[in-house]
Amino acid sequence: MKILVSACLAGINCRFNGKNQVNKKIKKMLEEGKAVCVCPEELGGLLTPRLPSEMIDGSGEDVLEEKAGVINEEGADVTKNFIEGSRKALEIAKKYKIKNAILKSKSTACGKGQIYDGTFSGKLKEGNGVTCALLMKNKIKVITENDI
Ligand code: SF4
């Protein structure tokens, strides 16, 4: 069974700054055909490179319930992009009958347990990224690159 992985961890240059955050084990999983890559921010229509985005108030679960939002560094509302990208990532997971995911820590889309706090200062708060929250809601087990 394949594992869903954050594309930037597999070496794809999809981060906001046009770079990746490669993890050798995850890259190897992709090369061996064991992983399926997704970048929820790109799937939601955001371009690369792009401005960084953070969650204002709440966690990914709150964003999915429209109780919180996501803005980019210039204050533009990108909540819809994050929700749309998360839905597409879930669709891909369902298509491959995926039950496990390894997602990038701290990210506003992919993070689990801790995410950036909305001040664009590098500070963290407790919470899950929007995609992480949606996957977990659909019974997909999520861990981060720090757990492997
Ligand atoms: S949305 Fe996820 S996969 Fe895409 S760059 Fe951010 S952390 Fe990586």
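Residues numbered from 1 in each chain as written. Predicted model: local features only at pLDDT ≥ 70, side-chain atom pairs only at ≥ 80, totals over all residues. Heavy atoms only, no water.

Student: Looking at this structure, I do not really get the site of the ligand. What am I missing?
Tutor: Around the ligand lies a shell of 14 residues, among which Cys-8, Cys-39, Glu-41, Ser-107 and Cys-110 are the nearest. Residue composition of the shell around the ligand, by class: 8 nonpolar, 2 polar and 4 charged. (Near = heavy atom within 4 Å. Nonpolar A, V, L, I, M, F, W, Y, C, P; charged D, E, K, R; others polar.)

Student: Would you mind going over helix H5 (residues 130-137) with me for this structure?
Tutor: Structural remark: α-helix, 3.6 residues per turn; residues separated by three or four positions point the same way. With 6 of 8 residues buried, H5 lies mostly within the body of the structure. By the burial criterion, the buried members of H5 are Val-130, Thr-131, Cys-132, Ala-133, Leu-134 and Leu-135. Lys-139 sits one or two residues past H5 and shows a positive phi near 65°. (Buried < 20%, exposed > 50% of the residue type's maximum accessible area, 1.4 Å probe, protein only. Helix = DSSP H or I, 4+ residues; strand = E, 2+ residues; numbered from the N terminus.)

Student: I'm lost on the environment of Phe-16 in this one. Help?
Tutor: Mapped onto the elements, Phe-16 comes out in the loop between strand E1 (3-6) and helix H1 (24-31). Distance from Phe-16 to Asn-138, taken between C-alpha atoms, is 27 Å for residues 122 residues apart in sequence. The contact partners of Phe-16, leaving out residues within four places of it in the chain, are Pro-49, Arg-50, Leu-51 and Pro-52. (Contact = heavy atoms within 4.5 Å.)

Student: Help me out: how do you make sense of the sheet that holds strand E5 (residues 100-103) in this one?
Tutor: What holds strands together in a sheet is hydrogen bonding between their backbones, with the strands either parallel or antiparallel. Ordered in space as E2-E1-E5-E8, the 4 strands form an open sheet in which the pairing is parallel. Every other strand in the sheet has two partners, leaving strand E2 (35-38) and strand E8 (141-144) as the edge strands with one partner each. The average angle at which neighbouring strand axes cross in this sheet is 25°, direction not considered. Pairing of E5 with E8 involves 4 bridges; the strand directions are parallel. Considered in E8, the bridge of Ile-102 is made with Ile-143. Seen against the sheet, H1 touches E1, E2 and E5 and runs at an angle of roughly 110° to E2. (Pairing = 2+ DSSP bridges. Axes fitted to C-alpha atoms, helices over the stretch in contact; angles between N-to-C directions.)

Student: Sorry if this is basic, but what is going on with the packing of helix H4 (residues 79-95) against H5 here?
Tutor: The angle between the axes and the distance between the axes are what describe a pair of packed helices. One can describe the packing of H4 onto H5 by two numbers: an axis separation of 9 Å at closest approach and a directional angle of 40°. Put simply, H4 runs oblique to H5. Crossing geometry of H4 relative to H5 is assigned as right-handed. Across the interface between the two elements, Phe-82, Ile-83, Ser-86, Arg-87, Ala-89, Leu-90 and Ala-93 of H4 pack against Val-130, Thr-131, Leu-134 and Leu-135 of H5. The residue inventory of the contact of H4 with H5, partitioned by class, reads 8 nonpolar, 2 polar and 1 charged. (Parallel < 35°, antiparallel > 145°, perpendicular 65-115°, else oblique. Left-handed = near helix turned anticlockwise from the far one by under 90°.)

Student: So what exactly am I meant to see when it comes to the pattern of salt bridges here?
Tutor: Side chains carrying opposite charge are able to pair once their charged atoms draw close together. The final tally for this structure, using the stated rule, is 7 salt bridges. Notably, a salt bridge pairs Lys-27 with Glu-31, separated by 3.6 Å at the nearest N-O pair. Pair noted here: Lys-27 and Glu-31 are both in helix H1, with a separation of 4 residues, about one helical turn. For Lys-27, a relative accessible area of 36% gives the class partly exposed. Among the ionic pairs, Lys-104 bridges to Glu-145, the shortest N-O distance being 3.5 Å. Here Lys-104 is found in the loop between E5 and strand E6 (114-116), whereas its partner Glu-145 is found in the segment after E8, with 41 residues between them in sequence. Under the relative-accessibility criterion, Glu-145 is labelled buried at 13%. What emerges from the salt-bridge pattern is a single network uniting Lys-28, Glu-32 and Lys-34. (Salt bridge = Lys/Arg side-chain N within 4 Å of Asp/Glu carboxyl O.)

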